[in-house]
Amino acid sequence: MTASSPRTTPSFPRTSPPTAVGGAVPLPMPKFAAAARSALADTGQRRSLRVAVAAAREREAAAAAELSDWDELRETGRAVGDATLLDLDAHLETLERAVTEAGGTVHWAADADEARAIVTGLVRAAGADEVVKASSATLREIGLTDALADAGVTVHETALADLVVRLGDDEPSHLLSPALHRDRAEIRELFLRNMIMSAPPADADSGSEAGDGTASDDPAALAAAARAHLRERFLRARVGVTGANFLVAETGTLVVLESEGNARMCATLPDTLITVAGIDKVVPTWADMEVFLQLLPRSSSGDRMTPYVASWSGVTPGDGPRAFHLVLLDNGRTRALADEVGRAALRCVRCSACMNVCPVYERTGGRAYGPVHPGPIGAILTPQLRGVDGAAEASLPYASTLCGACADVCPVKIDIPEVLVHLRGLVVESRRRRPVPTPELALMRGLAWTMADPRRHETALRRGTRWARLLSRGGRIRRLPGLLGKWTEARDLPAPPAESFRAWWTRSRT
Ligand code: SF4
């Protein structure tokens with residue numbers, strides 16, 4: 001598929017007056033290095049991560065190797081993604097028309113504030129004081145759970161991993177397995193503390209088998225306890241809220257791939273269904289879906305097909321919800337779309353393959369990347385959605401060794417290192433625009449001034465060498481002072497020789 005007319009700044013239909021680009025609500029997050037430091041000190045988490053990502057890597061590689069045309073499929077996924085983005089406004093309008101014809105209602109949200117207000121209003125209008133919620137990074141991105149809680153609405157997480165994250169009051173650590181950082185014993189403790197499981201009888205061995213709702217840490221028993229906890233809520237809730245993996249424009253159909261079947265319950269049991277999805281989730285036709293339905297399962301769980309593939313279009317009398325609302329979210333995506341290099345990140349199908357091969361992610365886990373998008377995709381998506389002016393967002397493009405393993409496995413061929421380098425350039429540009437320069441920028445300006453003149457450079461070299469040799473012990477400098485100290489935090493600096501190369505050159509040639 002080729003794009004007919006590239007549009008770098010597509011028009012974006014809205015219900016509210018348009019802003020220049022969709023803004024993003026900045027959920028608080030620390031700088032990557034600070035967040036990574038505590039993750040690195042957690043040896044238990046590092047062990048769990050190492051085992052989990054190695055197993056995922058193997059499964060995904062084996063699933064990809066089964067298809068002789070895997071690389072052609074990836075290339076087609078890239079081409080469909082690029083062509084869709086270049087004509088996104090037209091596809092969004094097709095989607096809106098199709099959803100409306102199928103009996104649904106489309107809402108446009110320029111940012112997270114608007115999306116939260118729309119969903120909260122719809123829940124109130126349905127007269128509901130509780131909702132069942134399916135797993136979705138987009139719902140997390142807009143902070144929906146807290147917004148609904150503030151509005152007096154109880155949110156029931158229905159995906160087991162999200163339930164664990166919520167009960168532990170922490171952040172997801174992986175796209176596919178948000179509770180990857182928790183082991184079975186911790187999950188059992190969380191379930192016991194929150195009354196999702198009952199304590200075992202006094203005479204029972206701890207860690208008993210059986211999915212009878214008593215406190216075993218056997219995965220089947222944990223899943224059974226969660227299922228029993230959720231079943232009653234599914235039947236009671238009048239509103240379900242979900243995200244979507246894909247939005248098929250030609251038929252107005254939403255597609256969700258999942259392994260537990262809970263999103264399907266959220267989408268079919270309540271009277272009102274609300275789906276919030278980024279505008280980047282659009283796929284023009286079902287023929288295009290054929291490509292993504294092969295790429296995504298093999299790159300995420302290493303399966304040939306995801307256990308549950310749910311799809312729905314509008315409403316059908318007597319079957320499923322009576323009202324369906326689709327909230328289309330910008331929240332910084334049109335800004336990313338306008339960036340010719342950065343827009344590649346919008347092709348992402350959230351498979352998580354890039355995390356499983358990333359040496360940085362394997363050591364830090366996902367929570368170091370902020371509250372929503374973990375791993376290499378988070379390092380290129382979050383700074384684009386939220387802008388690079390904040391210290392935390394600006395730190396993310398540097399959370400990489402640029403080894404390129406992520407680009408090698410990405411099923412839609414996103415060149416993550418290329419986008420990272422591009423974003424580093426934007427970070428530097430953004431720092432240059434600040435009225436007060438950062439210490440690093442001031443240092444670089446000082447160096448530039450010194451090196452611009454041979455005499456200044458010569459004098460600085462002489463003095464710097466003398467000073468550095470005073471700091472050295474046994475030919476090494478263990479700690480540099482001030483800002484330079486960051487360089488010696490993790491390594492020693494060899495002491496400079498007594499005579500510089502320039503001095504030696506001048507001496508030996510005269
Ligand atoms: S960037 Fe590529 S590999 Fe990473 S989650 Fe997105 S689609 Fe998967």
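Residues numbered from 1 in each chain as written. Predicted model: local features only at pLDDT ≥ 70, side-chain atom pairs only at ≥ 80, totals over all residues. Heavy atoms only, no water.

**Points about the overall build of the chain**
The number of helices and strands found in the chain is 22 helices and 12 strands. The C-alpha atoms of the chain give 26 Å as radius of gyration, which agrees with the globular expectation for 510 residues (24 Å, within 12%). By its C-alpha atoms, the chain is 95 × 70 × 50 Å across when sized along the principal axes. The proportion of buried residues among the 510 residues of the chain is 50%. Of the contacts made within the chain by residues no fewer than 6 positions apart, 74% connect residues no fewer than 24 positions apart. A total of about 24,000 Å² of accessible surface is found on the chain, and carbon and sulfur atoms cover 54% of it. (Helix = DSSP H or I, 4+ residues; strand = E, 2+ residues; numbered from the N terminus. Rg over C-alpha atoms; globule rule 2.2 N^0.38 Å. Buried < 20%, exposed > 50% of the residue type's maximum accessible area, 1.4 Å probe, protein only. Contact = heavy atoms within 4.5 Å. Areas by Shrake-Rupley, 256 points an atom, 1.4 Å probe, with all protein chains shown as cover.)

**Here's the deal with the sheet that holds strand β3 (residues 154–157)**
Spatial ordering of the open sheet is given by β1-β10-β7-β4-β2-β3, a layout of six strands whose pairing is parallel. The sheet terminates laterally at β1 (105–109) and β3, the two strands that pair on one side only. The mean angle between the axes of side-by-side strands here comes to 25°, regardless of whether they run parallel or antiparallel. The pairing of strand β4 (residues 239–242) with strand β7 (residues 272–278) spans four bridges and is parallel. Of the residues in β7, the one forming a bridge with Gly 240 is Leu 273. Contacts between helix α4 (residues 88–101) and the sheet are confined to β1 and β10 (323–329), with β1 contributing the most and set at about 145° to the helix. Lying on the sheet, helix α5 (residues 112–125) is in contact with β1, β2 (130–133), β4, β7 and β10; it crosses β1 at an angle near 145°. (Pairing = 2+ DSSP bridges. Axes fitted to C-alpha atoms, helices over the stretch in contact; angles between N-to-C directions.)

**Regarding the domain arrangement of the chain**
Taken domain by domain, the chain comprises domain 1 (1–29 + 74–200 + 218–353) and domain 2 (444–508). Relative to domain 2, the C-alpha centre of domain 1 lies at a distance of 54 Å. (Domains from an automatic or database assignment.)

**Looking at the state of the cysteines**
Throughout this description, disulfide means a covalent bond between two cysteine sulfur atoms. Enumeration according to the criterion identifies zero disulfides in this entry. Of all cysteine sulfurs in the structure, the one in Cys 403 sits closest to Cys 358, which takes part in no disulfide; the separation is 6.4 Å. By relative accessible area, which is 10% here, Cys 358 ends up buried. Considering cysteine sulfurs only, Cys 403 is the nearest to Cys 406, which forms no disulfide, with 6.1 Å between them. For Cys 406, a relative accessible area of 9% corresponds to the buried category. (Disulfide = S-S within 2.5 Å.)

**Overview of the site of the ligand**
Near the ligand there are 13 residues, and of these Cys 348, Cys 351, Ser 352, Cys 354 and Cys 410 occur at the shortest range. Partitioning the shell around the ligand into residue classes produces 11 nonpolar, one polar and one charged. (Near = heavy atom within 4 Å. Nonpolar A, V, L, I, M, F, W, Y, C, P; charged D, E, K, R; others polar.)

**A short note on the nonpolar core**
Note on soluble globular proteins: their nonpolar side chains tend to be buried together. Ranked by size, the top nonpolar core spans 85 residues in total, and within it Phe 246, Leu 247, Leu 326, Leu 328, Tyr 369, Ile 377 and Ile 380 carry the most contacts. What Tyr 369 contacts, discounting residues up to four positions off in sequence, is Met 29, Phe 32, Cys 358, Val 360, Tyr 361, Thr 364, Pro 374, Gly 375, Pro 376, Ala 379, Leu 396 and Ala 399. Of all hydrophobic cores here, the second largest spans 21 residues; its members include Ile 118, Val 239, Val 276 and Val 327. (Core = buried A, V, L, I, M, F, W, Y, C linked by side-chain atoms within 4.5 Å.)

**Remarks on a nonpolar patch on the surface**
A contiguous nonpolar surface patch, about 690 Å² in accessible area, is contributed by Leu 443, Met 444, Leu 447, Met 451, Trp 467, Leu 471, Leu 483 and Leu 484. When residues of the nonpolar patch are traced back to their parent elements, those giving at least two are α20 (439–451) and α21 (454–471). Broken down by element, the residue count for the nonpolar patch peaks at four residues, all from α20. Mapped onto the elements, Met 444 comes out in helix α20. (Patch = residues over 30% accessible without salt bridge, like charges linked within 9 Å, V, L, I, M, F, W, Y side chains within 5 Å. Salt bridge = Lys/Arg side-chain N within 4 Å of Asp/Glu carboxyl O.)

**Observations concerning the packing of aromatic side chains**
The full count for this structure, using the stated rule, is six aromatic pairs. Each residue in the set Phe 32, Tyr 361 and Tyr 369 is aromatic and connected to the rest through ring pairs, giving one cluster. Lying over the aromatic face of Trp 449, Arg 456 brings its terminal NZ or CZ to 3.9 Å of the ring centre. (Phe/Tyr/Trp six-rings, centres within 6.5 Å; stacked < 30°, edge-to-face > 60°. Lys NZ or Arg CZ within 6 Å of the ring centre and 35° of its normal.)

**Details of α5**
Over its 14 residues, α5 extends 20 Å from the first C-alpha to the last, a length consistent with the 20 Å expected when each residue adds 1.5 Å. All of the buried residues along α5 are Ala 112, Ala 115, Arg 116, Ile 118, Val 119, Thr 120, Leu 122 and Val 123. Near the N-terminus of α5, the side chain that reaches the backbone nitrogen of Asp 113, with its oxygen 3.2 Å away, is that of Asp 111. Phi turns positive, to about 70°, at Gly 127, one or two residues after α5. (Expected span 1.5 Å × (residues − 1). Polar contact = N/O pair within 3.5 Å; in protein donor to acceptor, adjacent residues only side chain to side chain.)

**Brief notes about helix α19 (residues 416–432)**
Two residues of an α-helix separated by three or four positions point the same way, owing to the 3.6 residues in each turn. Spanning 17 residues, α19 covers 24 Å between terminal C-alpha atoms, matching the ideal 24 Å at 1.5 Å per step. Three or more residues of α19 are buried, namely Ile 416, Pro 417, Val 419, Leu 420, Leu 423, Arg 424, Val 427 and Ser 430. Relative to the axis of α19, the buried residues are bounded by an arc of 150° and lie together on one face. (Arc of directions from axis to C-beta.)

**Concerning the side chain of Ser 300**
Following the sequence through the fold, Ser 300 ends up in helix α12 (residues 286–300). A relative accessible area of 7% places Ser 300 in the buried class. Within the local environment of Ser 300, its side chain forms a polar contact with the backbone oxygen of Leu 296, the two atoms lying 2.8 Å apart. Here Ser 300 is in contact with Glu 60, Leu 176, Cys 351 and Ser 352, once residues within four sequence places are set aside.

**Describing the sheet that holds strand β8 (residues 282–283)**
An order of β8-β5-β6-β9 is seen for the four strands of this open sheet, with the pairing classed as mixed. Of all strands in the sheet, those bounded by a partner on one side alone are β8 and β9 (308–312). Pairing between strand β6 (residues 253–258) and β9: five bridges, direction antiparallel. What sits directly across from Val 256, in β9, is Ala 310. Where α12 meets the sheet, its contacts fall on β5 (246–248), β6, β8 and β9, and the angle it forms with β6 comes to roughly 15°.

**Focus: the pattern of salt bridges**
All chains considered together, the criterion is met by 27 salt bridges. For Asp 82, the salt bridge identified is with Arg 78, shortest N-O distance 2.8 Å. Here Asp 82 and its partner Arg 78 are both found in helix α3 (residues 70–86), four residues apart, which amounts to about one turn of the helix. On the basis of relative accessible area, Asp 82 is assigned to the partly exposed category, the value being 22%. Among the salt bridges present, the one from Arg 322 reaches Asp 271, with a minimum N-O distance of 3.5 Å. Of the two residues, Arg 322 is situated in the loop between β9 and β10 and Asp 271 in the loop between α11 (262–268) and β7; the sequence distance between them amounts to 51 residues. A relative accessible area of 68% places Arg 322 in the exposed class. One continuous salt-bridge network, built from bridges that share partners, spans Asp 71, Arg 74, Glu 75, Arg 78, Asp 82, Arg 347 and Lys 413.

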